[in-house]
Amino acid sequence: MWMGTKLKKYLLFWVCFTCVCLKANAQPGLCPSNLDFEMGDFTGWECRAGVTSGFPLPVTGPVAGRHTLIDANTAGTDPYGFFPEMCPNGNGYCVKLGNNINGAQAESISYTYTIPSTVTSFSMLFYYAVVLENPAGHAPTEQPRFRARIVDVTTGNPVPCVDFDFVSGSSTGGFRVSPVNGGVLYKDWTPISINLNAYIGRTIMLEFITYDCSRNGHFGYAYLDVGTVCNGAITGNYICPGDPGITLNAPFGFFAYTWYSDITFSTILATTQSLTLNPPPAVGSVFPVIIDPFPGFGCKDTLYAIVDVGAKPAPAAGPDKVICGGTQIQIGGPPLAAHQYAWTSPGPISNPNISNPFAGPVSAPTEYYLTITDLVTGCSSQDTTVVSLTTTDTLVTVSGKYSSCINETRATLSVNSSSVPVQWFEQTGGAIPGATGISYTPTASGVYWAELTQ
């Protein structure tokens, strides 16, 4: 059997160490901590909730049912638009702001951040999907609505092309009628790319707000997510060891893409979201892509893919482990900032998308495969750990008589193991000092048992 106190102390140390690693998030190119909700909570975000007539909304912290984290492992589809609740950008979490309950409710979340003056580029990529009930006979100021904006905190002015205010029933394009409720409009996941180089060294606030109908009878809500990388929205621009080529990927969901061979913009290479280059180009090569949003949903932007070399993440599945029957054990290791984890195995696993899940119980040696991806470089590596089963022989054998007189030879108790620690106990007296061998000869009547620890 396991020594329970030793196991508990080990787990406590592991949790504390993990927390330290999460705070050490300073990898170049990353967005500020938890802007992407990947901590699985609202750390860094200010949550507000109130009513449509009560602006500015009071700071409330996350309100159940109104500030809702969506987990990729349990996400479903929206009941009105049948689009995925989880953003298709590959993150593990996103947020649902508001709900489909009437009551003239309003909710907001905001993130305030000073862009370091030491960076040379800073951009942001956020995604949203919207569901608005569309009541007849309401003035625009009374309708359900959704607003998204980035504000220059010093001036109070919104950043151009990022001040969206969607009102149900308006002429703004991109919305569809719900197939299950003709009185509801929805807009599927849409990306917005924002170049914030002009705001380096300044403080900005990213804010999302949802409003119900002010007459108290109709709802509005939205889904939100933010990209993990803030030094450019292009992915795939790193040459990873062993890769025969690279595939440059612009953000999904724009109306048109135009890739060019260099910064002269003279030769068009592709008009698709992705550009594959095989063999890989020289390090330092620059491939611009002009992205055109759908009309009314942002400004045209030019993104630059600068080719660089990336390293594959170090193996992180951890050493092979051995467990007792019916138990679990933690595999992997502490999480690394901006790394994505994907475990696969025929055996049970507590969460396949974290760095250190619990594996087991297993009935035979079982392989657990880990793919770890650096979200900044896009480089991946694979690793394996094996979880095996061990059993402890609990049979105690008795040589001699169970009952004997004082002058007769006493019985000897034995366990069938010589490779693990043993401690003999007497039922009423507890642990017997010095009785730690595989055999023990009692000196008094009683009930005896042995504890074996593996």
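Presented here is a report on the structure given in the accompanying data block. Computed from a predicted structure; not experimentally measured.

### With respect to the overall build of the protein
Reasoning step 1: For the protein, the count of helices and strands is 1 helix and 32 strands.
Reasoning step 2: Across the 454 residues of the protein, 43% fall into the buried class.
Reasoning step 3: Nonlocal contacts in the protein, meaning residues at least 24 apart in sequence, comprise 67% of its contacts between residues at least 6 apart.
Reasoning step 4: When the accessible area of the protein is evaluated, it comes to approximately 21900 Å², of which 57% is carbon and sulfur surface.

### Side note on the packing of aromatic side chains
Reasoning step 1: One pass over the full model with this rule turns up 22 aromatic pairs.
Reasoning step 2: Considering the side-chain rings of Phe 126 and Phe 208, the 5.3 Å spacing of their centres and the 80° angle between planes classify their relative orientation as edge-to-face. With Phe 126 in strand 5 (residues 123–133) and Phe 208 in strand 11 (residues 203–211), the pair connects residues that are 82 residues apart, well separated along the chain. Here the two residues Phe 126 and Phe 208 agree in accessibility, since each one is buried.
Reasoning step 3: A centroid spacing of 6.3 Å and a plane angle of 15° characterise the contact between Phe 146 and Phe 166, whose relative ring orientation is stacked.

### So, unusual backbone geometry
Reasoning step 1: For the bond running from Asn 278 to Pro 279, omega is 5°, close enough to zero to count as cis.
Reasoning step 2: Positionally, Pro 279 belongs in the loop between strand 17 (274–277) and strand 18 (286–292).
Reasoning step 3: Residue Pro 361 is bonded to the preceding Gly 360 through a cis peptide linkage, with omega at 0°.
Reasoning step 4: Position of Pro 361 among the secondary structure elements: in the loop between strand 24 (358–359) and strand 25 (366–374).
Reasoning step 5: Of note in this structure, Phe 37 is not a glycine but carries a positive phi near 65°.
Reasoning step 6: By secondary structure assignment, the location of Phe 37 is in the loop between helix 1 (4–23) and strand 1 (46–51).

### With respect to the sheet that holds strand 21 (residues 321–324)
Reasoning step 1: Read from one edge of the open sheet, 4 strands run 21-26-25-23, paired in mixed fashion. Edge positions in the sheet fall to strand 21 and strand 23 (339–344), since each has one partner strand and no second. The average angle at which neighbouring strand axes cross in this sheet is 25°, direction not considered.
Reasoning step 2: Pairing of strand 25 with strand 26 (residues 380–390) involves 8 bridges; the strand directions are antiparallel. Across the sheet, Glu 367 pairs through a bridge with Val 386, a residue of strand 26.

### Overview of the sheet that holds strand 16 (residues 268–270)
What holds strands together in a sheet is hydrogen bonding between their backbones, with the strands either parallel or antiparallel.
Reasoning step 1: Taken in spatial order, the 4 strands make up an open sheet running 16-15-18-19, and their pairing is antiparallel. Taken across any chain shown, the strands that pair with only one partner, and hence form the sheet edges, are strand 16 and strand 19 (301–306). Here the average twist between neighbouring strands, direction ignored, is 35°.
Reasoning step 2: Summarising the sheet, strand 15 (residues 256–260) and strand 18 pair through 4 bridges and their orientation is antiparallel. Directly across from Ala 256, in strand 18, lies its bridge partner Asp 292.

### Re a nonpolar patch on the surface
Reasoning step 1: A contiguous nonpolar patch, built from Ile 263, Phe 265, Tyr 304 and Ile 306 and spanning about 390 Å² of accessible area, is present on the exposed surface.
Reasoning step 2: For Phe 265, the position within the fold is in the loop between strand 15 and strand 16.
Reasoning step 3: For Phe 265, a relative accessible area of 30% puts it in the partly exposed group.

### Some details on the state of the cysteines
Reasoning step 1: Within this structure, the stated rule accounts for 2 disulfides.
Reasoning step 2: There is a disulfide in this structure between Cys 31 and Cys 230, and the S-S distance comes to 1.9 Å. In this structure the cystine formed by Cys 31 and Cys 230 twists about its S-S bond by roughly 95°; its chirality is therefore right-handed. One end of the pair, Cys 31, is in the loop between helix 1 and strand 1; the other, Cys 230, is in the loop between strand 12 (220–226) and strand 13 (238–239), with 199 residues separating them in the sequence.
Reasoning step 3: Note on cysteine connectivity: Cys 240 is disulfide-linked to Cys 379, with sulfurs 2.0 Å apart. In this structure, the disulfide formed by Cys 240 and Cys 379 twists by about -95° around the S-S bond and is classed as left-handed. Here Cys 240, found in the loop between strand 13 and strand 14 (246–249), pairs with Cys 379, found in the loop between strand 25 and strand 26; they are 139 residues apart in sequence, far enough to count as distant.
Reasoning step 4: With no disulfide partner, Cys 87 has as its closest neighbouring cysteine sulfur the one in Cys 94, 6.6 Å distant.

### Examining the pattern of salt bridges
Reasoning step 1: Per the stated rule, a full pass over the model turns up 7 salt bridges.
Reasoning step 2: One salt bridge in this structure joins Glu 107 and Arg 66, with 2.9 Å as the shortest N-O distance. Of this pair, Glu 107 sits in strand 4 (residues 105–114) while Arg 66 is found in the loop between strand 1 and strand 2 (67–71), placing the two residues 41 residues apart along the sequence. Neither residue differs from the other here; Glu 107 and Arg 66 are each classed as buried.
Reasoning step 3: Where Arg 145 meets Asp 165, a salt bridge forms, and the shortest distance between an N and an O atom there is 2.8 Å. Pair noted here: Arg 145 is in strand 6 (residues 145–152) and Asp 165 is in strand 8 (residues 164–167), with a separation of 20 residues, a long-range link.

Thresholds, definitions, all that
- Residues numbered from 1 in each chain as written.
- Predicted model: local features only at pLDDT ≥ 70, side-chain atom pairs only at ≥ 80, totals over all residues.
- Heavy atoms only, no water.
- Helix = DSSP H or I, 4+ residues; strand = E, 2+ residues; numbered from the N terminus.
- Buried < 20%, exposed > 50% of the residue type's maximum accessible area, 1.4 Å probe, protein only.
- Contact = heavy atoms within 4.5 Å.
- Areas by Shrake-Rupley, 256 points an atom, 1.4 Å probe, with all protein chains shown as cover.
- Phe/Tyr/Trp six-rings, centres within 6.5 Å; stacked < 30°, edge-to-face > 60°.
- Pairing = 2+ DSSP bridges.
- Axes fitted to C-alpha atoms, helices over the stretch in contact; angles between N-to-C directions.
- Patch = residues over 30% accessible without salt bridge, like charges linked within 9 Å, V, L, I, M, F, W, Y side chains within 5 Å.
- Salt bridge = Lys/Arg side-chain N within 4 Å of Asp/Glu carboxyl O.
- Disulfide = S-S within 2.5 Å.

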